[in-house]
Amino acid sequence: MPPLDLGVLISGRGSNLQAILDAIAAGRLDARVRLVLSNRPGVEGLARAERAGIPTRVLPHKDFADRDSFDAAAVAALREAGATWVVLAGFMRLLTTTFLDAFPHRVVNIHPSLLPSFPGVDAQQQALDHGVRITGCTVHLVDAGTDTGPILAQAAVPILEGDDHDTLAARILVQEHALLVRALSWIADGRLEVSPPAAPGARARATIAGVDTALGLAQGGRAPELAGEGA
């Protein structure tokens, strides 16, 4: 199969973008980042892309009349760059159907919780506020809901005595980097299969051929061990 042609959308420091770039450079991910697009100028993620020789584009969302106009401009930029898959790597905006219809089942997001628990913003603090003992991260395809798209893989992270937002977020982020690259490598290998909703009102489902996506419990900063074939 040809490499994945990725467009990566960011709004900040771009640490998950860096994980993708490092995996590509190390030969662990068969992909090419065609464009890094940010809705905020001057963020660290843009500098990461420039250091790697990746084209960048800034589309300040305040310059657009509405979300659809912004999304149409983002779609045009990604298509011009040759991106056929999109990764949301800390992109802090909801996407409209204008964007999602342009890349059907080809927009991937990483979220810092075990969805469907704690969708939306500041999932780490939500987990702490609810007093749960285990949280984690989820890689999923994006649909029109808020963090409701088909789940590709999850990794669990325990909440430790004395954790605060920053310590928990840092340990989850270690797992985000590993899990996002792993999920993208499965897609690059052609293992992703998306099944349409079984009934009206139901959600589409995603499966990874030959892989058990129950990734186990990550202790501290250690990467999770895969449980199934293809690990």
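Please refer to the structure placed before this passage.
Criteria and thresholds
- Residues numbered from 1 in each chain as written.
- Predicted model: local features only at pLDDT ≥ 70, side-chain atom pairs only at ≥ 80, totals over all residues.
- Heavy atoms only, no water.
- Core = buried A, V, L, I, M, F, W, Y, C linked by side-chain atoms within 4.5 Å.
- Buried < 20%, exposed > 50% of the residue type's maximum accessible area, 1.4 Å probe, protein only.
- Contact = heavy atoms within 4.5 Å.
- Phe/Tyr/Trp six-rings, centres within 6.5 Å; stacked < 30°, edge-to-face > 60°.
- Helix = DSSP H or I, 4+ residues; strand = E, 2+ residues; numbered from the N terminus.
- Lys NZ or Arg CZ within 6 Å of the ring centre and 35° of its normal.
- Pairing = 2+ DSSP bridges.
- Right-handed = clockwise from strand over helix to strand, strands pointing away.

1. Some remarks on the nonpolar core
Ranked by internal contacts, the top residues of the largest apolar core, which has 47 residues, are Leu6, Val36 and Leu184. Setting aside anything within four residues of it in sequence, one finds Leu184 in contact with Leu4, Leu6, Ile20, Leu29, Val87 and Val108. Membership of the second largest hydrophobic core comes to 20 residues, among which are Ala74, Val86, Leu100 and Val142.

2. Let's talk about the packing of aromatic side chains
This structure, assessed with the given rule, holds three aromatic pairs. With a centroid separation of 5.6 Å and 90° between ring planes, the pair formed by Phe64 and Phe70 is classed as edge-to-face. With a centroid separation of 6.4 Å and 20° between ring planes, the pair formed by Phe70 and Phe91 is classed as stacked. With a gap of 21 residues between them, Phe70 in helix H3 (residues 67-81) and Phe91 in the loop between strand S4 (85-88) and helix H4 (97-100) connect regions that are remote in the sequence. Note on accessibility: Phe70 and Phe91 belong to one class, buried. Among the aromatic residues, ring-to-ring pairing joins Phe64, Phe70 and Phe91 into one connected group. Positioned above the aromatic ring of Phe70, the side-chain terminus of Arg93 is 4.9 Å from the ring centre.

3. A closer look at the environment of Ala170
The residue Ala170 is located in helix H6 (residues 165-188) in this model. Classification of Ala170 as partly exposed rests on a relative accessible area of 44%. Sequence-wise, Ala170 and Gln124 are 46 residues apart; in three dimensions their C-alpha atoms are separated by 10.0 Å.

4. Considering the pairing of strand S2 (residues 31-38)
Within a regular strand, the side chains alternate between the two sheet faces. With six of eight residues buried, S2 lies mostly within the body of the structure. Sheet topology note: the strand S1 (residues 4-10)/S2 ladder contains seven bridges and is parallel. Bridged to Val8 within S2 is Val36. Taking the sense of rotation as the criterion, the β-α-β connection linking S1, helix H1 (residues 15-25) and S2 turns out right-handed. For S2 and strand S3 (residues 56-58), the ladder comprises three bridges, and the chain directions are parallel. Among the inter-strand pairings, Ser38 is bridged to a residue of S3, identified as Val58. Running through helix H2 (residues 44-51), the crossover from S2 to the neighbouring parallel element S3 is right-handed.

Any functional reading would require information beyond the geometric quantities listed.
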